[in-house]
Amino acid sequence: MCVAERPPRVAMLGGTFDPVHVGHLRSAIELREALSLDSVHMVPARVPPHRATPGVDAEQRMTMLALGIADTPGLYVDDREIRREGPSYSTATLASLREELGTQARLVMALGYDAYRHLAEWHEPSRLFELAHVVVIDRPDHQQRLPAALEALVEGREVKNVDTLMQSPAGGLLHLSLPTRIAISATAIRARLQRGESVRYLLPDAVERYLLARRLYR
Ligand code: ATP
């Protein structure tokens, strides 16, 4: 088969990226490799002002994400949730990607195991599976029993490998253990910054320089 005939393979990796760190970026690269994706859209969520980190706005989170991605092949900052008014529902983001990519594209919503545990509480969770596959990235520090509502939501959807997942445009669930598992969280980075401790090598140099110069998270 001619490679050009293959339907596009695209993943969305959403988050607050407050700030982006090496755990996010390394996972995005390895996700792209593991699923042979054309691109990974990293989508910063719009966060209501009362829940946002004081002193760090959406524009700054997005700038840090762009600095972190820099020229990494296949990784893109996608600002559609920041531009869209109202809450950042993943169903709306996936619907807009699906609209752009067409019905045959293999669309993936990727998320870490910690976020996955709460999937059944999201807005219209079963609609997520109409629009995309869900790929769960195992995280070293998270491994517990799933809530019953989540078990029910994903029943019958799990596939064992990438080839099976990519046979259809949406609707499957795959657990992935990426080669490099990194126990870095934005929460721990913010706490370090607040205490005046070093965050070197936890996030890209350019992101470190940006946030130190503006005294973000202090
Ligand atoms: P916080 O500590 O503020 O909750 P976070 O570091 O978990 O932040 P988010 O922006 O909430 O970052 O995460 C975006 C997505 O990336 C989520 O699906 C999350 O599970 C995943 N993720 C975050 N950190 C890692 C990591 N170290 N390895 C793999 N996936 C990660």
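Bear in mind that the values here come from a model prediction, so they are computed numbers and not experimental data.

Here the focus is the sheet that holds strand S3 (residues 75-77). The six strands are arranged S3-S2-S1-S4-S5-S6 in an open sheet whose pairing can be described as parallel. A single partner strand is all that each edge strand has here, and the edge strands are S3 and strand S6 (173-176). Ignoring which end each strand starts from, the neighbouring axes of this sheet average 25° apart. The pairing of strand S5 (residues 133-137) with S6 spans four bridges and is classified as parallel. Residue pairing across strands places Val135 opposite Leu174, the latter belonging to S6.

Further remarks concern the nonpolar core. Ranked by internal contacts, the top residues of the largest apolar core, which has 37 residues, are Leu31, Leu35, Val40, Met42 and Met64. A per-element tally of this core places helix H1 (residues 22-35) first, with four residues. Apart from the residues within four sequence positions on either side, Met64 is in contact with Pro19, Val20, Val56, Val207, Tyr210, Leu211, Leu216 and Tyr217.

What follows is about unusual backbone geometry. Geometrically, the link from Asp18 to Pro19 is a cis peptide bond, its omega value of 0° lying close to zero. Mapped onto the elements, Pro19 comes out in the loop between strand S1 (9-15) and H1. Phi angles above zero are rare outside glycine, and Ala70 is one such case at about 45°. Within the secondary structure layout, Ala70 lies in the loop between helix H2 (58-69) and S3. A positive phi is found at Tyr201, a non-glycine position, where the angle reads about 75°.

So, how was this worked out
- Residues numbered from 1 in each chain as written.
- Predicted model: local features only at pLDDT ≥ 70, side-chain atom pairs only at ≥ 80, totals over all residues.
- Heavy atoms only, no water.
- Pairing = 2+ DSSP bridges.
- Helix = DSSP H or I, 4+ residues; strand = E, 2+ residues; numbered from the N terminus.
- Axes fitted to C-alpha atoms, helices over the stretch in contact; angles between N-to-C directions.
- Core = buried A, V, L, I, M, F, W, Y, C linked by side-chain atoms within 4.5 Å.
- Buried < 20%, exposed > 50% of the residue type's maximum accessible area, 1.4 Å probe, protein only.
- Contact = heavy atoms within 4.5 Å.

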